[in-house]
Amino acid sequence: MSTHTLARSDEIVELMLEAPPGQVIKYDKEALCSALGVSDDPARVVVETSGRQAIVTIYPSNPLAVMPPPSPSDMLMDRYGRIVVGRHHNGRPARRRLFDPRTGSAVRAFVLGTTGAGKSRTVQYTLACEKRNRIVSWYGDLKGGQSAPESEGQVDWRATSQEEVVLMLRSAVAVAQARQRRYAALGRNAFLIGDPDPLMSVRLDEANRGLERGAPYRDEMTYWIKELGRTGRSVGVGIELDAQASHLEELGGSDTLRAMLKEGEIVLLRWSSSMMAQLVADGLLSATQSLPPIPKQFKPVQLRSQFDLVGDDDDDFCDTQGTAYLLSGATPTSMMRHWRIGSIAPLPGLDPEIQALYGPGEPARLEEASWEAAGAAYAARHDQADMAALCAELREELSQKGRGQAGHGVDDEPDAGGRRKPRLLVDRVVAALAGAGEPMSVEEVLASVNADGGRQVKSANSVRNALRDLVTADDVARAGHGMYVLQNA
Ligand SMILES: Nc1ncnc2c1ncn2[C@@H]1O[C@H](COP(=O)(O)OP(=O)(O)OP(=O)(O)O)[C@@H](O)[C@H]1O
Ligand SMILES: [Mg+2]
């Protein structure tokens, strides 16, 4: 390693280093601090590496120890669709993209970090920024609403149960499809904010609870998230997952989700070693961009003599919540820290500082032209009883579906060999319509399906969903109000 320049300001020393060709820079932080004579606080030394090059900065004190709250101007998108989420160790603003105006693309984002690393505060800040930028926020919290309680009433839709999140994802995909149809009719091939529709974002906090192995609706959620990732980008519907995944398997375990992750904006808060190994293995981080880990606390280790008279009960440490790397930004290896969002100490109720971040007024709402597509769940989002009924119907629909395709009910039927083979609810519905040979109502189809010897279907809504899918696929046509007929009958 050779020293190229030694820049020195009043207090900060910056070393630009380069390894000889054929080598990459690897280092041991502790040994480096020792060589630099920094023994009091390792957080004073910040290293950024990229292949053969490195910048080592020695600060008089930890540059990220104390963060100010955001200012209103940080929260407004610049002309590149970015907001300022905090700052890097060198004082530069740390920006995140909410929209890409160059390509008219909504953003797919992932905020990853271990428990307590600061994911939900990041979520609150982003939600508040979205509100101020008139972006329609749909927010699902799989921790039952505990993650960001201040967001209640500040977003267009706040879903707090597994079932409601499934309904929200389905509605979001339906909205994206409806926009696609409308834009195609307008001859539009890119999204323009506010013309005619607002930018929209769907965000799942604690997404791992919906996507990990054994989660009740894992396949269903994975399916709709992938679908949204595919259709949403060009029609102004973004998606963000916030997760404490220690392994990408915990995010649905699908290749498509993995591919989405590679293209998305990634914020990496404090991680675990297995998570880092996975990110490197998946090519999200090249092996040479070794990121200095973010410790739980920036507390220097102190050796104390037993004869030392200083008391033992001092609690003088500096936590690192909110410290992160913005992996898809211009400087992925530059440590940054998010603004201080609300009180660091726990409060007994809602945090007034966080409430104030959202600003006054109503949040932006989904455009009326998409209300029909968003469906019954969207209409019921502020009505607890209606939503509970829809969630109960969904539970029933999905319990009948087993491990089948999303959106279709699966039933079991013995085949010729006596084994159980899955039979889709849509197929049973088609059989019922074919047998009748004339238009049927939902209730008639339900009765007929329940008389076919297969598993009992309790909810008319499952049948209604199957019929809707069949109409979309042009297998079934509507014949007057609430009546359905087989297309080729
Ligand atoms: N940007 C921040 N500003 C102020 N305090 C923060 C910030 N980020 C995190 N904290 C502190 O850390 C705590 C944990 O943060 P947060 O709830 O956002 O973490 P999390 O990653 O969502 O954790 P979990 O996995 O438990 O949901 C907060 O209660 C707060 O005290
Ligand atoms: Mg959280």
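- The protein has the name Transfer protein in an unreviewed UniProt entry, where Nonomuraea roseoviolacea subsp. carminata is given as its organism.

**What to know about the overall build of the protein**
And then number 1: In terms of helices and strands, the protein carries 13 helices and 21 strands.
And then number 2: A total of 489 residues make up the protein; the buried ones form 51% of that total.
And then number 3: Here the analysis covers contacts within the protein between residues at least 6 apart in sequence; of these, 63% occur between residues at least 24 apart.
And then number 4: Roughly 23400 Å² of accessible area belongs to the protein as shown, and the carbon and sulfur atoms make up 51% of that amount.

**Notes on the side chain of H338**
And then number 1: Mapped onto the secondary structure, H338 falls in strand β16 (residues 336-338).
And then number 2: By relative accessible area, which is 7% here, H338 ends up buried.
And then number 3: Here the side chain of H338 touches G322 through a polar contact of 2.8 Å, landing on its backbone oxygen.
And then number 4: In this view, H338 contacts M67, V85, G86, T122, V267, L269, G322 and A324; residues no more than four positions away in its chain are not counted.

**Regarding the packing of helix α11 (residues 425-436) against helix α12 (residues 442-450)**
And then number 1: At their nearest, the axes of α11 and α12 sit 9 Å apart, and the two run at 105° to each other. On the basis of the axis angle, α11 is roughly perpendicular to α12. Where α11 abuts α12, its residues L425, R428, V429, A432 and L433 lie against V445, S448 and V449.

**Some points on the layout of surface pockets**
Take a probe with the size of a water molecule and roll it over the atoms, and the empty space left behind shows itself.
And then number 1: Size it by volume and the second largest pocket reaches roughly 1000 Å³.
And then number 2: Taken together, 40 residues line the second largest pocket, and the ones lying closest to its centre are G118, R121, Q321, S343 and I344.
And then number 3: Of all elements in the fold, only α2 (119-132) and β16 reach the threshold of two or more residues within the lining of the second largest pocket.
And then number 4: Classifying every residue of the lining of the second largest pocket gives 14 nonpolar, 15 polar and eleven charged.

**Comments concerning empty space enclosed by the protein**
And then number 1: Considering all chains together, one arrives at four cavities of 30 Å³ or more under this definition.
And then number 2: Taken as a whole, the largest cavity holds about 120 Å³ of empty space.
And then number 3: Lining the largest cavity are 17 residues, with L98, V107, E130, S201 and R203 sitting closest to its centre.
And then number 4: Broken down by secondary-structure element, the contributors of at least two residues to the lining of the largest cavity are β6 (93-97), α2, β12 (200-205) and β13 (237-243).
And then number 5: With four residues, β12 is the largest single contributor of residues to the lining of the largest cavity.

**What to know about the site of ligand 1**
And then number 1: Looking at ligand 1, there are 16 residues lining it, with G116, K119, R121, I341 and I344 nearest.
And then number 2: Take T115: an N or O atom from its side chain is 3.1 Å from an oxygen atom of ligand 1.
And then number 3: Take I344: an N or O atom from its main chain is 2.7 Å from an oxygen atom of ligand 1.
And then number 4: Burial of ligand 1 by the protein chains amounts to 84% of its free accessible area of 620 Å².
And then number 5: Its residues placed into classes, the shell around ligand 1 shows four nonpolar, seven polar and five charged.

**Describing the side chain of S147**
And then number 1: Along the chain, S147 falls in the loop between β10 (136-141) and β11 (157-159).
And then number 2: Setting aside residues no more than four positions away along its own chain, S147 makes contact with S120, Q124, Y139, D141, D205 and E206.

About the cut-offs
- Residues numbered from 1 in each chain as written.
- Chains lettered and ligands numbered in written order.
- Predicted model: local features only at pLDDT ≥ 70, side-chain atom pairs only at ≥ 80, totals over all residues.
- Heavy atoms only, no water.
- Helix = DSSP H or I, 4+ residues; strand = E, 2+ residues; numbered from the N terminus.
- Buried < 20%, exposed > 50% of the residue type's maximum accessible area, 1.4 Å probe, protein only.
- Contact = heavy atoms within 4.5 Å.
- Areas by Shrake-Rupley, 256 points an atom, 1.4 Å probe, with all protein chains shown as cover.
- Polar contact = N/O pair within 3.5 Å; in protein donor to acceptor, adjacent residues only side chain to side chain.
- Axes fitted to C-alpha atoms, helices over the stretch in contact; angles between N-to-C directions.
- Parallel < 35°, antiparallel > 145°, perpendicular 65-115°, else oblique.
- 1 Å grid on protein atoms, 1.4 Å probe; cavity = no way out; pocket = protein on both sides within 12 Å on 5 of 7 lines; lining within 4 Å.
- Points joined across faces, edges and corners; volume = space filled by probe spheres on them.
- Nonpolar A, V, L, I, M, F, W, Y, C, P; charged D, E, K, R; others polar.
- Near = heavy atom within 4 Å.

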